[in-house]
Amino acid sequence: MTVEWSWERAWESLPVLWDGFKITLLATFVGFAIAAVIGLGIAIVRQSFPRWVAAPVHAVAEFIRLTPLVVQLLFAYSLLPQFTALQIGITVLGIHYSSYLAEVYRAGIEAVPKGQWEATRALSLPPYRTWRAVILPQAIRASLPALGTNAVSMFKDTPFLFAISVVELVTAAQQFGARNFQYLEPLTLAGVFFLIASYPTSVLIRRLEKRLAYY
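Residue positions are given per chain, counting from 1 as you read along its sequence in written order. Local features in this predicted model are restricted to residues of pLDDT 70 or higher, and side-chain atom pairs are both shown and tallied only at a pLDDT of 80 or more, whereas totals for entire chains, interfaces and linings draw on every residue. Only heavy atoms go into the side-chain values, all of them from the structure, while hydrogens and water stay out.

Draft legend 1. Here's a closer look at the overall build of the chain. For the chain, the helix and strand inventory stands at eight helices and zero strands. Helix and strand definitions follow DSSP, with helices as H or I runs of at least four residues and strands as E runs of at least two, each counted in order from the N terminus. Listing every helix and strand of the chain by position from the N terminus yields α-α-α-α-α-α-α-α. Any residue under 20% of the maximum accessible area for its type is buried, any over 50% is exposed, and the rest in between are partly exposed; the area is computed with a 1.4 Å probe on protein chains only. Looking at the 215 residues of the chain, the share that counts as buried comes to 39%. Should any heavy atoms of two residues lie within 4.5 Å, those residues are counted as being in contact. Counting contacts in the chain only where the partners sit at least 6 residues apart, residues at least 24 apart contribute 79% of the total.

Draft legend 2. Representation of the nonpolar core in the model. Here, nonpolar core means buried Ala, Val, Leu, Ile, Met, Phe, Trp, Tyr and Cys residues that are tied together by side-chain atoms lying within 4.5 Å of each other. Ranked by size, the top nonpolar core spans 31 residues in total, and within it L101 and Y105 carry the most contacts. Among the elements that line this core, the one with the most residues is helix α4 (residues 85-110), at ten residues. Those residues within four positions of L101 in sequence are excluded, and the remaining contacts are F32, A35, A36, L147 and N150. Core analysis: the next-biggest nonpolar cluster, separate from the first, contains ten residues, L17, L169, A173 and F193 among them.

Draft legend 3. Structural view of the packing of helix α1 (residues 7-48) against helix α2 (residues 51-66). Throughout, an axis means a line fitted to C-alpha atoms (over the contacting stretch in the case of helices), and angles, computed between N-to-C directions, take values from 0 to 180 degrees. Running from N to C, α1 and α2 cross one another at 140 degrees; their axes reach a closest spacing of 8 Å. Where α1 crosses over α2, the handedness of that crossing is left-handed. Across from I42, V45 and R46 in α1, the residues of α2 making contact are V53, A54, V57, H58 and A61. We call Asp, Glu, Lys and Arg charged. Ala, Val, Leu, Ile, Met, Phe, Trp, Tyr, Cys and Pro are nonpolar, and the rest, Gly among them, are polar. Its residues placed into classes, the contact of α1 with α2 shows six nonpolar, one polar and one charged. Left-handed is the label given to a crossing in which the near helix is rotated counterclockwise from the far helix by less than a right angle, and right-handed is the label when the rotation is clockwise.

Draft legend 4. Region of the structure containing α1. Look at α1: 58 Å from first C-alpha to last across 42 residues, which is about the 62 Å you get at 1.5 Å a residue. A residue's bend is the angle separating two fitted axes: one through the seven residues that end there, the other through the seven that start there. Along α1, the largest kink reaches about 35 degrees and is centred on L14; proline P15 follows within four residues of it. A helix's residues, less one, multiplied by 1.5 Å, set its expected span.

Draft legend 5. Geometry of the pattern of salt bridges. The working definition used for a salt bridge is a side-chain nitrogen of Lys or Arg within 4 Å of a carboxyl oxygen of Asp or Glu. In this structure the tally under the stated criterion is six salt bridges. With a shortest N-O distance of 2.7 Å, R46 and E103 are connected by a salt bridge. Taken together, the residues R46 in helix α1 and E103 in helix α4 connect sequence positions 57 residues apart. You can call R46 partly exposed: its relative accessible area is 23%. Put simply, R65 and E62 hold a salt bridge, and the shortest N to O gap is 2.8 Å. In this pair, R65 and E62 are both assigned in helix α2, three residues apart and thus about one turn of the helix distant. Counted as one network, the salt bridges with shared partners bring together R46, E103, R106 and E110.

Draft legend 6. Examining a nonpolar patch on the surface more closely. Patch rule: a residue counts if its relative accessible area is over 30% and it has no salt bridge; like charges are joined within 9 Å, and nonpolar side chains (Val, Leu, Ile, Met, Phe, Trp, Tyr) within 5 Å. In these tables, accessible area is a Shrake-Rupley quantity obtained with a 1.4 Å probe, and a residue counts as shielded only by the protein chains included in the view. Taken together, the side chains of V3, W5, W7 and L184 present a nonpolar region at the surface, about 430 Å² in accessible area. Structurally, the position occupied by W5 is in the segment before α1. A relative accessible area of 32% means that W5 is categorised as partly exposed.

Draft legend 7. Focus on unusual backbone geometry. We note that S124 has phi near 55 degrees; this positive angle belongs to a residue other than glycine. Tracing the chain through its elements places S124 in the loop between α5 (114-122) and α6 (127-157). You can call S124 exposed: its relative accessible area is 61%. In this model, S165 sits at a positive phi of 70 degrees, which is unusual for a non-glycine residue. Residue placement: S165 occurs in the loop between α6 and α7 (169-180).

Draft legend 8. Representation of the environment of F49 within the structure. As for its position among the elements, F49 is in the loop between α1 and α2. Residue F49 is classed as partly exposed on the basis of its relative accessible area, which comes to 42%. Put simply, F49 and W11 are 38 residues apart on the chain and 56 Å apart in space, counted from C-alpha to C-alpha. Not counting residues within four places of it along the chain, the set of residues in contact with F49 comprises I44 and A54.

On their own, these measurements won't tell you what the molecule is for.
What follows is the structure in structure tokens.
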């Protein structure tokens, strides 16, 4: 049995794939915003709080980072039936990636020269102002390429949301293929969607990394 490409089927699949792509983008943008905020909080706690506070936070972050995303999705989905699958998926995706972003931020914070810390102590700056005005601007700037790389990784991990019945791009392609008994066109176009969205972002990240290396 030969499978032949059909432009008619490909065209018919586009509206379905576009709806799934919008869910994929929503999950990526909102999930990454959650990850960025929580990850930054974890990094600050680990760097500036007493060990009895920092150690449990680090342990929880490590547990989240080292357990599979699919398991976390299924666990949250079964535990929180009052929320929609999309709400759970976005939140779990954000929390999962926050454990990775925490390490990115931590590396950026540790890259800040020690002289900057000593200068803030010499000026008797309060901790809040030290972090807001001196440390975080430099740390986040140094972390930007790695943050972008993690955003692309999250984008490519959104198909895992199929485990809790979220109809993102790949699931939309599979459902269209199942209805028509032809998977070639929808799955190929789903790959094209991912390529079109992720390749320019990856190029921008590489350029940003090179540009920051000169400063």
